[in-house]
Amino acid sequence: MKKWFSLGLVGLSSAYLVYGLRTLDILDFSGRPGAGYFPLIIGGLLLLATAVNAVLDFREARQGEMHPLQLDPATEGTAELMGVDAHGLDGGRRFPRDVLILLALLSGFIFLLPVLGALAAMIVLMLAYLFTFNQAELLTNVLYALALPAFLYWLFSIMLNASLPVGPLGF
């Protein structure tokens, strides 16, 4: 199943790349990067990543690796000692909660985007996300929460001159 899912992702990545190339111009009339430039880069990288993943999944399936739901007799019992089941999961009880938390955070981000502006809303989202799912790393969380939004703001607002929602502070 995993290898077919990976192959499906390759197909979707290919479709995105082809759609971007067929509907958008890579260069504008003055020879500068146009609207198709970004989908070309993202689609190419996405196709490359999904293709590598699919090749690895097919290679793993061909080599007869153990099925993900089978227990390895050599490690049976050690996973339970670490507080997880044999599949590396805690029985799946936390995943629905985590998905709901992520949906709530993204909903809050969408609400805050026009109120605070893009940069501040991204910082708030990153801080909330990191302190929810990575509570032990205070300094790392703050650094990531400031660095990634700053980079994205620089990339889209300054380098690509894309319009982002502006907050009360002017950015």
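Model, not experiment: these values are computed from the prediction. (Residues numbered from 1 in each chain as written. Predicted model: local features only at pLDDT ≥ 70, side-chain atom pairs only at ≥ 80, totals over all residues. Heavy atoms only, no water.)

Draft legend 1. Seen up close, the pattern of salt bridges. Counted according to the given criterion, the structure contains 3 salt bridges. For Lys2, the salt bridge identified is with Asp57, shortest N-O distance 3.7 Å. Here the residue Lys2 occupies a position in helix H1 (residues 2-23), and Asp57 occupies one in helix H2 (residues 37-62), the gap between them amounting to 55 residues. Asp57 sits in the buried class, given a relative accessible area of 7%. Through salt bridges with shared partners, a single network forms among Lys2, Asp57 and Glu60. (Salt bridge = Lys/Arg side-chain N within 4 Å of Asp/Glu carboxyl O. Helix = DSSP H or I, 4+ residues; strand = E, 2+ residues; numbered from the N terminus. Buried < 20%, exposed > 50% of the residue type's maximum accessible area, 1.4 Å probe, protein only.)

Draft legend 2. Spotlight on the packing of aromatic side chains. Per the counting criterion, the structure on display carries 4 aromatic pairs. With 5.8 Å between their ring centres and 70° between their planes, Phe38 and Phe156 make a pair best called edge-to-face. Of the two residues, Phe38 sits in helix H2 while Phe156 sits in helix H6 (residues 138-159), which places them 118 residues apart along the sequence. Judged by relative accessible area, which is 25%, Phe156 ranks as partly exposed. (Phe/Tyr/Trp six-rings, centres within 6.5 Å; stacked < 30°, edge-to-face > 60°.)

Draft legend 3. Spotlight on the nonpolar core. One finds Leu105, Phe109, Ala118, Ala121, Met122 and Leu125 forming the largest nonpolar core, which totals 6 residues. Mapped onto this core, the elements with two or more residues apiece are helix H4 (94-116) and helix H5 (118-133). Apart from the residues within four sequence positions on either side, Met122 is in contact with Phe109, Pro149, Leu152 and Tyr153. (Core = buried A, V, L, I, M, F, W, Y, C linked by side-chain atoms within 4.5 Å. Contact = heavy atoms within 4.5 Å.)

Draft legend 4. Structural detail: H5. Along its 16 residues, H5 runs 22 Å from first to last C-alpha, staying within 8% of the 22 Å computed at 1.5 Å per residue. For H5, the full list of buried residues reads Ala118, Leu119, Ala121, Met122, Leu125, Met126 and Leu130. Buried residues of H5, seen end-on, are gathered within an arc of 165° and therefore sit on one face of the element. (Expected span 1.5 Å × (residues − 1). Arc of directions from axis to C-beta.)

Draft legend 5. Focus on the packing of H1 against H2. The geometry of H1 relative to H2 is characterised by a closest axis approach of 8 Å and an angle of 160° between their N-to-C directions. Taken together, the axis directions place H1 and H2 in an arrangement best described as roughly antiparallel. For H1 against H2, the interelement crossing comes out left-handed. For the contact of H1 with H2, the per-class residue count stands at 16 nonpolar, 8 polar and 4 charged. (Axes fitted to C-alpha atoms, helices over the stretch in contact; angles between N-to-C directions. Parallel < 35°, antiparallel > 145°, perpendicular 65-115°, else oblique. Left-handed = near helix turned anticlockwise from the far one by under 90°. Nonpolar A, V, L, I, M, F, W, Y, C, P; charged D, E, K, R; others polar.)

Draft legend 6. Region of interest: unusual backbone geometry. In this model, Asn161 sits at a positive phi of 55°, which is unusual for a non-glycine residue. Structurally, the position occupied by Asn161 is in the segment after H6.

Draft legend 7. Layout of the environment of Ala120. Relative to the helices and strands, Ala120 is located in helix H5. The exposure class assigned to Ala120 is partly exposed, which follows from its relative accessible area of 23%. For the pair formed by Ala120 and Ala150, sequence separation is 30 residues and the distance between their alpha carbons is 9.5 Å.

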